[in-house]
Amino acid sequence: MNLLEKALLIKDIQQTIILADNERAPLFQRAQAVHHLKEIFQICEKPITIQSPKSTHSSEVQIHLCNELLKLSKFQNSHRGLFYDRSLLLQALNQNPNMGWAILYDLDQKLWQIWLIPQARRGAIHCSWKGHLNEAYQWMLQQQNLLQCLLTDDEFNQRLGIETPIRPETSSEEPTVPSESEAPADTNKPITPERPERNLDIHQILPMRIEGFPQLCFEVIFQNQNEISQYLTCFSLFQRTTDIHYAPTVIAERMNTEGQFLGYIAILGVRDIQTAGQLAQQYCLQTETMLASVKTLSWGQFQTSYHSIDLLFNEYLQAKNLWQQQHMYSFIPASMILPQRFIPFEETQATVETPLLLIKERQKYRVVHGERRLKLMPNEIAYPCILLSRNDGISWQLFREIIETLPQPISVEALYTQTQKLLVEHQF
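Values in this document were obtained by computation on a predicted structure and should not be read as measured data. (Residues numbered from 1 in each chain as written. Predicted model: local features only at pLDDT ≥ 70, side-chain atom pairs only at ≥ 80, totals over all residues. Heavy atoms only, no water.)

Chemist: With reference to specific residues and values, describe the packing of aromatic side chains.
Modeler: All chains considered together, the criterion is met by 12 aromatic pairs. When the ring of F261 is compared with that of Y264, the centres are 5.3 Å apart and the planes differ by 75°; the resulting orientation is edge-to-face. An angle of 35° between the planes, with centres 5.9 Å apart, marks the rings of W299 and F302 as tilted. Taken together, the positions of W299 and F302, both in helix α8 (residues 299–303) and three residues apart, correspond to about one turn of that helix. For F302, a relative accessible area of 0% translates into the label buried. Three or more aromatic residues link up through ring pairs in this structure, and these residues are F261, Y264, Y316 and F331. A cation sits over an aromatic face here: R271 above F238, 4.7 Å from the ring centre. (Phe/Tyr/Trp six-rings, centres within 6.5 Å; stacked < 30°, edge-to-face > 60°. Helix = DSSP H or I, 4+ residues; strand = E, 2+ residues; numbered from the N terminus. Buried < 20%, exposed > 50% of the residue type's maximum accessible area, 1.4 Å probe, protein only. Lys NZ or Arg CZ within 6 Å of the ring centre and 35° of its normal.)

Chemist: I'd like to hear about empty space enclosed by the protein, residue by residue, with values.
Modeler: Per the stated rule, a full pass over the model turns up two cavities of 30 Å³ or more. Around the second largest cavity, the lining residues are E347, T348, Q349, A350, T354, P355, H369, G370, R372 and R373. In the lining of the second largest cavity, the residues fall into two nonpolar, five polar and three charged. (1 Å grid on protein atoms, 1.4 Å probe; cavity = no way out; pocket = protein on both sides within 12 Å on 5 of 7 lines; lining within 4 Å. Points joined across faces, edges and corners; volume = space filled by probe spheres on them. Nonpolar A, V, L, I, M, F, W, Y, C, P; charged D, E, K, R; others polar.)

Chemist: Help me get a handle on the side chain of T419, residues and values and all.
Modeler: By the element assignment, T419 lies in helix α12 (residues 412–427). Those residues within four positions of T419 in sequence are excluded, and the remaining contacts are L388, I394, F399 and I402. (Contact = heavy atoms within 4.5 Å.)

Chemist: So what about the sheet that holds strand β6 (residues 217–222)? Which residues, and what values?
Modeler: The pairing of strands in a sheet comes from backbone hydrogen bonds and takes either a parallel or an antiparallel form. Spatial strand order, β5-β6-β7-β9-β8-β10-β11: seven strands in an open sheet with mixed pairing. Two strands bound the open sheet, and with one partner strand each, they are β5 (202–208) and β11 (320–324). If you compare each strand with its neighbour and ignore which way they point, the axes differ by 25° on average. Where strand β10 (residues 290–297) and β11 come together, four bridges link them in antiparallel fashion. (Pairing = 2+ DSSP bridges. Axes fitted to C-alpha atoms, helices over the stretch in contact; angles between N-to-C directions.)

Chemist: I'd like a description of the sheet that holds strand β16 (residues 382–388), backed by residues and values.
Modeler: Spatial ordering of the open sheet is given by β12-β16-β14-β15-β13, a layout of five strands whose pairing is mixed. Across the chains shown, the open sheet's two edge strands, defined by having one partner strand only, are β12 (331–333) and β13 (337–338). Judged from the four bridges that link them, strand β14 (residues 356–361) and β16 form a sheet pairing that is parallel. Paired with L356 across the two strands is C385, which belongs to β16. The strands touched by helix α9 (residues 309–318) are β12, β15 (364–369) and β16; relative to β12, the strand with the most contacts, the crossing angle is about 150°. Against the sheet, helix α11 (residues 396–405) engages β14, β15 and β16, with an angle of about 15° to β15.

Chemist: Break down the environment of L322 for me, with residues and values.
Modeler: Relative to the helices and strands, L322 is located in strand β11. When the C-alpha atoms of L322 and T296 are compared, they prove to be 7.2 Å apart, with 26 residues separating the residues in sequence.

Chemist: How would you summarise the pattern of salt bridges if you had to cite specific residues and measurements?
Modeler: By the definition in use, this model includes six salt bridges. Across the pair K71 and E68 runs a salt bridge whose closest N-O atoms are separated by 3.5 Å. Linking K71 with E68, this pair stays in helix α3 (residues 56–72), spanning three residues, or about one helical turn. What makes E68 buried here is its relative accessible area of 6%. Close ionic contact of R341 with E371 constitutes a salt bridge, the shortest N to O distance being 3.7 Å. Taken as a pair, R341 in the loop between β13 and β14 and E371 in helix α10 (residues 371–376) lie far apart in primary sequence, 30 residues in all. Residue classification places R341 among the buried positions, given a relative accessible area of 12%. Overall, the relative accessible area of 31% leaves E371 in the partly exposed class. Within this structure, R341, E347 and E371 form a network of salt bridges that share partners. (Salt bridge = Lys/Arg side-chain N within 4 Å of Asp/Glu carboxyl O.)

Chemist: For helix α5 (residues 133–147), give the residues involved together with the corresponding values.
Modeler: Working note: α-helix, 3.6 residues per turn, so residues spaced by three or four point in the same direction. An ideal rise of 1.5 Å per residue puts 21 Å on 15 residues; α5 measures up with 21 Å between its terminal C-alpha atoms. Q148 lies just past α5 and shows a positive phi near 50°. (Expected span 1.5 Å × (residues − 1).)

Shape is all these values report; function is a separate question.
Next up, the structure:
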């Protein structure tokens, strides 16, 4: 164990002892502290030999070092995890090819690398092998200073509209320490709503662990769960329902690796955007799925719309955008689509990524272009879409004029581009 590792371990032991001896701390926190001390002593009882990822002791030491680094990092929101295998790291980066970073450790050579995606869908770069994790992290900070590719946790908070906790001033090269949410006092039993007067339709809140996510979280189960479970998965970082009130809700579109919509992830009672983002990301990694976009709703907006996918889509459509995959379109529920076209023409071949071109008619959306896309996957619960409005001056007569000028078969991109072009010309 080198000096840095020893210093971090000593610091961890001291902080854990203080927590374990704090009689005012919740019993759950104190029990966690005692258990953590036992784990440290078990690790230190034997020499640590790093042979393979299956070595429990060696992996615990590396995980501990990474956790200590993340506590100090300003870029927790985009961290993808610690890996011992290069192919697994590349797989994780490819599953979510947006700007982010990950740590690779060579168990045989005892060396570190940090891999960084400086631009979405443009591949990753990495440092040379380093003897210490901090050296690799300093390389990443240098790349960040040059490329400005990662959003800090504070910048994510600003996008969400959450006030950033006041922190002591630090050097620009030194990571800042993020605030930590208070752990719940009791995590062993589901609870029922504490304030039914707010019309919370929560049946129970169940504690759960998500692989790769360091904090205990809770799955929120609503009444009549069967009606919404096919398209909505809810989590909370707090066990008490009163902690959910008044705080924003983070909503994310989730899809499989083929680009098909699976449903929404809702994280209730958000007070720390990077933690909520990490929870959504780790859940997707655990379930081998991907995030398509992330937005935020007020608690009131979510509360009045979560029970209906149509209502939730309408709220999500107007919600504040936090992040979106490049070249991705929003997903519209199949229940809101009127598939019959009014204007016949030949369409180009469709793929899963091909969006529907739709125009709103009352509470539904009529297909302008998308017959082939609907036939490609007729049983999907939602489809990628481009939405048009009659308020912008669009009419069926305009579509007829455009279609007559375009060579067939017509692609959705060509039809949409020509529509936007004519609208601009009419404005002038």
